[in-house]
Amino acid sequence: MKKIFLVLAISLLLTACGKKTTATITPTPFQKVFDIPLASRPYVSLIPREDGHLITLKIDNIPANISQIEYELLYTAVDQGNEIEKGIGDTIKNVKGSVNKS
């Protein structure tokens, strides 16, 4: 009886140490928020002033269902030999067709 128990215990132990299978992970595709045809997409321009101290943000062809735009502009400035990252951001409300923001 002890031999049968010993054989069963060893066989259970060895089967537990068998080859392990790993599950394969398949990525889920990223879903786009908006799918706008190329001809209907907004056109964004950054227009610098001649002296380089002002930039105008111009957005044309804004879809009618857009009521506000949030933007952030980051740039690197040099001050006394040190590079400094600066930026500006804002929310433009009551958007209709196009926007000019200086």
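Conventions used here
- Residues numbered from 1 in each chain as written.
- Predicted model: local features only at pLDDT ≥ 70, side-chain atom pairs only at ≥ 80, totals over all residues.
- Heavy atoms only, no water.
- Pairing = 2+ DSSP bridges.
- Helix = DSSP H or I, 4+ residues; strand = E, 2+ residues; numbered from the N terminus.
- Core = buried A, V, L, I, M, F, W, Y, C linked by side-chain atoms within 4.5 Å.
- Buried < 20%, exposed > 50% of the residue type's maximum accessible area, 1.4 Å probe, protein only.
- Contact = heavy atoms within 4.5 Å.
- 1 Å grid on protein atoms, 1.4 Å probe; cavity = no way out; pocket = protein on both sides within 12 Å on 5 of 7 lines; lining within 4 Å.
- Points joined across faces, edges and corners; volume = space filled by probe spheres on them.
- Nonpolar A, V, L, I, M, F, W, Y, C, P; charged D, E, K, R; others polar.
- pLDDT = per-residue confidence, 0-100.
- Salt bridge = Lys/Arg side-chain N within 4 Å of Asp/Glu carboxyl O.

(A) A look at the pairing of strand β4 (residues 82–93). Relative to β4, strand β3 (residues 68–79) runs antiparallel, the two being bridged by twelve bridges. Its bridge partner being in β4, Gln 68 is matched across the sheet by Lys 93. Adjacent in sequence and paired antiparallel, β3 and β4 are bridged by two residues, among which Gln 80 carries a positive phi angle near 55 degrees.

(B) Representation of the nonpolar core within the structure. Membership of the largest hydrophobic core is limited to eight residues, which are Leu 57, Ile 59, Ile 62, Ile 69, Tyr 71, Ile 92, Val 95 and Val 99. Ignoring anything within four residues of it in the chain, the contact list for Ile 62 reads Ile 69, Val 95, Gly 97, Ser 98 and Val 99.

(C) Local environment of the layout of surface pockets. Estimated volume of the largest pocket: approximately 350 Å³. Lining the largest pocket are 14 residues, with Leu 46, Ile 55, Tyr 71, Leu 73 and Ile 88 sitting closest to its centre. The set of elements that each furnish at least two residues to the lining of the largest pocket consists of β1 (43–48), β2 (55–60) and β3. For the lining of the largest pocket, the residue count by class is ten nonpolar, two polar and two charged.

(D) Quick peek at the confidence of the model for the protein chain. For the protein chain, per-residue confidence averages 83 on the pLDDT scale, and 78% of positions sit at 70 or higher. The least confident element of the protein chain is helix α1 (residues 2–16), whose mean pLDDT is 66; the most confident is β1, at 94.

(E) Representation of the pattern of salt bridges within the structure. Inspection of the entire model under this criterion finds three salt bridges. Put simply, Lys 101 and Asp 90 hold a salt bridge, and the shortest N to O gap is 3.1 Å. Taken as a pair, Lys 101 in strand β5 (residues 99–101) and Asp 90 in strand β4 lie far apart in primary sequence, eleven residues in all. Accessibility expressed as a relative area gives 28% for Lys 101, which makes it partly exposed.

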